[in-house]
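Residues per chain, in single letters:
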Amino acid sequence: LASGSMGDPTQTGATSDINNGPLAELAAEANGFVDDLVAWRRDIHANPELGLDNPRTRDLIIEALAPLSLPIRTGEQASWVAADIVGDPDGPTILLRADTDALPMTENSDESFSSVVKGRAHTCGHDGHVAMLLGAARLLSTRRNDLPGTVRLVFQPGEEGHAGAQVMLTEGVLTDGLTNPVTGSFAMHVTPNIPTGFMGTKAGALMASADEFSVTIRGRGTHASTPHFGVDPMPAAAELVGALNSMITRRIEAFDPAILTVAHLTGGTTHNVIPERVLMEGTVRCVSDHTRSRVEQLFAEVVNGVTAAHGCTAEIEYHRGYPVTVNDAAMTALVGDVCHAVIGSDTMFPLPSPVMGAEDYSYVLQQVPGAMAFLGVCPADIENFLEAPSCHSDVMRLNEDALPLGAAMHAGVAIEWLTRNT
């Protein structure tokens, strides 16, 4: 989450009318088993797993849930885990989601529990996500007899580029084993760039779509002293970089924006040979389906037009990745109410704009209404939260004091949503 994108945590939201209810007890209760939350988090942090197959993390989750005697289902094509806390079996069902996978990078945080696996690191906070949802399982299981419905806890691998949410949806995570299918959902993501004890979210587009492109520009190679004997793809590539950026600023509406980044450009082998081809790669981020489709259409037009003007041809590969993460307005308001009740008055602040990162929880939100919110985990020794190393930094750290708050928020959202939807 980029510095400066989170708004002002001192902004206040609507004051909840449930502040004095039982939800206010959740955080204190979660604090009572904070040692377990920290132990789960640190175990996962030291032993990160990648992609869709996270067997060690899956087994830790199942072991932690075992004392709660919950019906558990595991995935077939990915190591996801679903556990159901059933109150009234005829009531509605809400899904709470935590992601489990790490990033393929090296950690340099110098934590005593840093990754013991070279080239793998929990630098996006998913270890904390798992611990918080395990804590919520404990809070909710003691209240199961009072739940007017079912809470489905889902631990999902493959968020970091592997679309694990899609795999779960295909394998029936919203319907299988349930009397009533999932009709509401909630997820959290930690960020060091919000102070601990605060949360941020917004209705509507919360996070961007993420698409990737690859363009191979083909000309005809020749010696650098005789460019007229060949067709040089280098000038076409150079012009195309500028043309694509102009396309975004001149052809896309400013209030429905897109970001296009050419991040990789390579061609040639030496100083005096005009190459046959140049490779260009990059990414596109949008916050609406309309602009996403518009950029894809214009991209092909600009690439083909510019390269043709230089006598070259272009081979385009355009891959649609995660869609826009869109928060349901009613669920977003509910999350704000619960935050004020669970964490404290005026602890939820509205984000001024979407975050241009992407999230595969967006696939779940395409199927059922729900919301994602950002939980502040700024380390206690960092005074300015905007200067804290962000998610995906090799020195990213989180404040473990936030883990009980996250567990309480998951439980509180589930209880309040079930109450309002029965």
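Above this note sits the structure.
Note that this is a predicted model, so its numbers are computed, not measured.

> Mind laying out the overall build of the protein chain, listing which residues take part and the relevant values?
The secondary structure content of the protein chain amounts to 10 helices and 16 strands. Taken over the C-alpha trace, the protein chain has a radius of gyration of 24 Å; the compact-globule value for 422 residues is 22 Å, and the two agree within 12%. Summarising its shape, the C-alpha atoms of the protein chain cover approximately 80 × 45 × 45 Å along the three principal directions. Every one of the 422 residues in the protein chain was classed for burial, and the buried ones make up 56%. Carbon and sulfur atoms make up 50% of the accessible area of the protein chain, which totals about 16,900 Å².

> Please provide a residue-by-residue account of the pattern of salt bridges, values included.
Any two side chains of opposite charge can pair, on the condition that their charged atoms come close. A full pass over the atoms with the stated rule returns 18 salt bridges. For the salt bridge of D211 with R292, the shortest nitrogen-to-oxygen distance reads 2.6 Å. Linking D211 in strand β8 (residues 209–218) with R292 in helix α7 (residues 289–309), this pair joins segments that are 81 residues apart in sequence. With a relative accessible area of 5%, R292 lands in the buried category.

> A description of the side chain of T150 should follow, citing residues and the corresponding values.
The topology assignment puts T150 in strand β4 (residues 150–156). With residues up to four places along the chain from it excluded, the contact list for T150 reads D84, I85, V86, D88, P92, T93, I94, L178 and L418.

> So what about the sheet that holds strand β12 (residues 277–286)? Which residues, and what values?
Here four strands make up an open sheet; going across it, the order is β10-β12-β8-β13 and the pairing antiparallel. Whereas interior strands pair on both sides, the edge strands pair on one side only; in this sheet they are β10 (258–267) and β13 (313–320). Each strand of the sheet is rotated relative to its neighbour by a mean of 15 degrees, with strand direction disregarded. On top of the sheet, α7 reaches β8, β10, β12 and β13; it is set at about 165 degrees to β13, its chief contact.

> I'd like to hear about the nonpolar core, residue by residue, with values.
Within the largest apolar cluster, 68 residues are counted, with the highest numbers of intra-cluster contacts made by L140, V151, L153, F155 and M409. Here this core gets 11 residues from one element, more than from any other, and that element is helix α10 (residues 403–420). Excluding residues within four positions of it along the chain, V151 makes contact with A83, D84, I85, I94, L96, L140, A414 and L418. Membership of the second largest hydrophobic core comes to 28 residues, among which are A82, F349, V364 and M372.

Conventions adopted
Residues numbered from 1 in each chain as written. Predicted model: local features only at pLDDT ≥ 70, side-chain atom pairs only at ≥ 80, totals over all residues. Heavy atoms only, no water. Helix = DSSP H or I, 4+ residues; strand = E, 2+ residues; numbered from the N terminus. Rg over C-alpha atoms; globule rule 2.2 N^0.38 Å. Buried < 20%, exposed > 50% of the residue type's maximum accessible area, 1.4 Å probe, protein only. Areas by Shrake-Rupley, 256 points an atom, 1.4 Å probe, with all protein chains shown as cover. Salt bridge = Lys/Arg side-chain N within 4 Å of Asp/Glu carboxyl O. Contact = heavy atoms within 4.5 Å. Pairing = 2+ DSSP bridges. Axes fitted to C-alpha atoms, helices over the stretch in contact; angles between N-to-C directions. Core = buried A, V, L, I, M, F, W, Y, C linked by side-chain atoms within 4.5 Å.

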